[in-house]
Amino acid sequence: MPEAEVEKELTHPFAKRSSKSKEPDEELRWLRTYSQKHYAKVLKEIDRIMGDEESALYLASRHLIKAGGKLFRPSFVLFGCEAVGGDSEKALPIAAAAELAHVASLIHDDIIDKDDLRRGVPAVHVKFGVPLAILAGNLLIFKAFHSLTRVADTLGSDKVVKLLDVYCRTSIVMDQGEYIDIAPSDTYSTMEEYLDMTAKKTGWAFKGALEVGAIAGGGTEEEIKALSEYGLLFGMAFQIRDDVIGTLGKPSEIGKPTSDILRSRKTFMVTHALQEADRRDRIKLLKILKEKASGKAQEVVDILTKYDSFGHAEAKITKLIEKAKSNLSILKNTLAKKFLLKIADLLSERPLTILTAPHYP
Ligand code: IPE
Ligand code: IPE
Ligand code: MG
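Predicted model only: the values in this text are computed from it and were never measured.

Moving on: the site of ligand 2. Near ligand 2, the surroundings consist of Ser-105, Leu-106, Asp-109, Asp-113, Asp-115, Met-174, Glu-178, Lys-201, Thr-202, Asp-242, Gly-246 and Lys-256. Contributions of two or more residues to the shell around ligand 2 are made by helix 7 (92-113), helix 11 (157-182), helix 12 (191-216) and helix 13 (221-248). Per-element tally for the shell around ligand 2: the top contributor is helix 7, with four residues. When its residues are assigned to classes, the shell around ligand 2 shows two nonpolar, three polar and seven charged.

Let's shift gears to the nonpolar core. Membership of the largest hydrophobic core comes to 96 residues, with the highest contact counts inside it found for Val-77, Ile-94 and Ala-237. Of all the elements, helix 13 adds the most residues to this core, at 13 residues. Excluding anything up to four places from it in sequence, Ala-237 contacts Ile-317, Leu-320, Ile-321, Ala-324 and Leu-347.

Our focus in this paragraph is the site of ligand 1. Near ligand 1, the surroundings consist of Gly-69, Lys-70, Phe-72, His-102, Arg-119, Thr-202, Gln-239 and Asp-242. Residues belonging to the shell around ligand 1 are distributed by class as follows: one nonpolar, four polar and three charged.

Turning our eyes to something else, we now look at the packing of helix 11 against helix 12. One can describe the packing of helix 11 onto helix 12 by two numbers: an axis separation of 7 Å at closest approach and a directional angle of 170 degrees. By the angle between their axes, helix 11 is roughly antiparallel relative to helix 12. Here the hand of the crossing between helix 11 and helix 12 comes out left-handed. Taken together, the residues of the contact of helix 11 with helix 12 break down into twelve nonpolar, four polar and eight charged.

Moving on: helix 6 (residues 72-83). With twelve residues, helix 6 should cover 16 Å at 1.5 Å per step; its first-to-last C-alpha distance of 15 Å lies within 8% of that length. Within the span of helix 6, buried status applies to Phe-72, Arg-73, Pro-74, Ser-75, Phe-76, Val-77, Leu-78, Phe-79, Gly-80, Cys-81, Glu-82 and Ala-83. Contacts made by the buried residues of helix 6 are with helix 3 (26-35), helix 4 (39-50), helix 7, helix 12, helix 13 and helix 19 (335-349). Taken from the residues just after helix 6, Gly-85 is the one with a positive phi, measuring 85 degrees.

The next thing to look at is helix 17 (residues 297-306). Every buried residue of helix 17 is accounted for by Ala-297, Val-300, Val-301, Ile-303 and Leu-304. When helix 17 is viewed along its axis, its buried side chains cluster within an angular range of 160 degrees and face the same direction. Once helix 17 ends, the next one or two residues include Asp-308, with phi positive near 55 degrees.

Reading the values: rules and limits
- Residues numbered from 1 in each chain as written.
- Chains lettered and ligands numbered in written order.
- Predicted model: local features only at pLDDT ≥ 70, side-chain atom pairs only at ≥ 80, totals over all residues.
- Near = placed C-beta within 6 Å.
- Helix = DSSP H or I, 4+ residues; strand = E, 2+ residues; numbered from the N terminus.
- Nonpolar A, V, L, I, M, F, W, Y, C, P; charged D, E, K, R; others polar.
- Core = buried A, V, L, I, M, F, W, Y, C linked by C-beta atoms within 7 Å.
- Buried ≥ 20, exposed ≤ 12 C-beta atoms within 10 Å, placed from the backbone.
- Contact = placed C-beta atoms within 7 Å.
- Axes fitted to C-alpha atoms, helices over the stretch in contact; angles between N-to-C directions.
- Parallel < 35°, antiparallel > 145°, perpendicular 65-115°, else oblique.
- Left-handed = near helix turned anticlockwise from the far one by under 90°.
- Expected span 1.5 Å × (residues − 1).
- Arc of directions from axis to C-beta.

What follows is the structure, encoded as structure tokens:
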């Protein structure tokens, strides 16, 4: 990966906007504090699950946990529980499981995508080698399953079966999403295929987190469905935002490579431009992407800009977020609901790295 190429500032329609970003206001401060409400407890629970074994396998498994992520998935489990009036203390092992499974997916995803930076540190396969990284991912997946079984004492075995069902169905769909993402594509996907991949790859992770949280909290069918639907749409918007920052951001700001162009990733913008471009630009764009041509990233951004693909990405995020939020109207007013509404609004404006991720400025 020609690092200099990726770090080079690309000029794009939002350059001005990001440099003019507002100082944290009251709203942002509240969101920042509230998003971290459960962090300490989740990390303590994860520490307990991972124990103190010092073998290379365990060091590799703890590598990204120690680097610190935004912890959205475990937080969403707990907010899902609170949003239906449940006691989120009881859902802590479920929240920890969501983060462990997510970290496993990141480890495997970085091997698949050949990305070498994650959460501001070397990817697990870079630091520990591919074989150990595969095993570490597997270990985390089974630690997550094991953690789910722990709530039998507090929530009952019937609930554990329900949770395992959601957990497995979610993971199976996410795996299909990753498969669509890596499937060789000479012609690139249609927008319909892109949205299907995005729903499966990322939407379902947020859907699953809120769903298990709401089940643990004793939510009604209607409440569980509302939170699941919110999660699916929020997660899709989250992935499109990730596509934008993976194309235009800087590794030092987001803690992972911004290599989507050089890696010829199936992003929202590329999918949109290939759909809208005239024949000449389409051929040019496909050629650059297929050759993974170093030094041509700006040309790609110029084509994406010409067809307003970034504008369409923003419009799609806004639309998904509005629809996501509308699902929450049936829920009682709680702080958890307020948080879910506000974090959705924030995502429609900017990357959520602004909330947390201690290493990223
Ligand atoms: C990264 O998820 C993978 C995507 C679905 C885009 P996050 O952006 O939540 O990553 P961490 O957990 O904070 O590192
Ligand atoms: C995100 O995949 C979905 C996962 C299951 C990790 P991406 O490849 O789009 O996400 P990043 O950019 O590596 O975090
Ligand atoms: Mg990736």
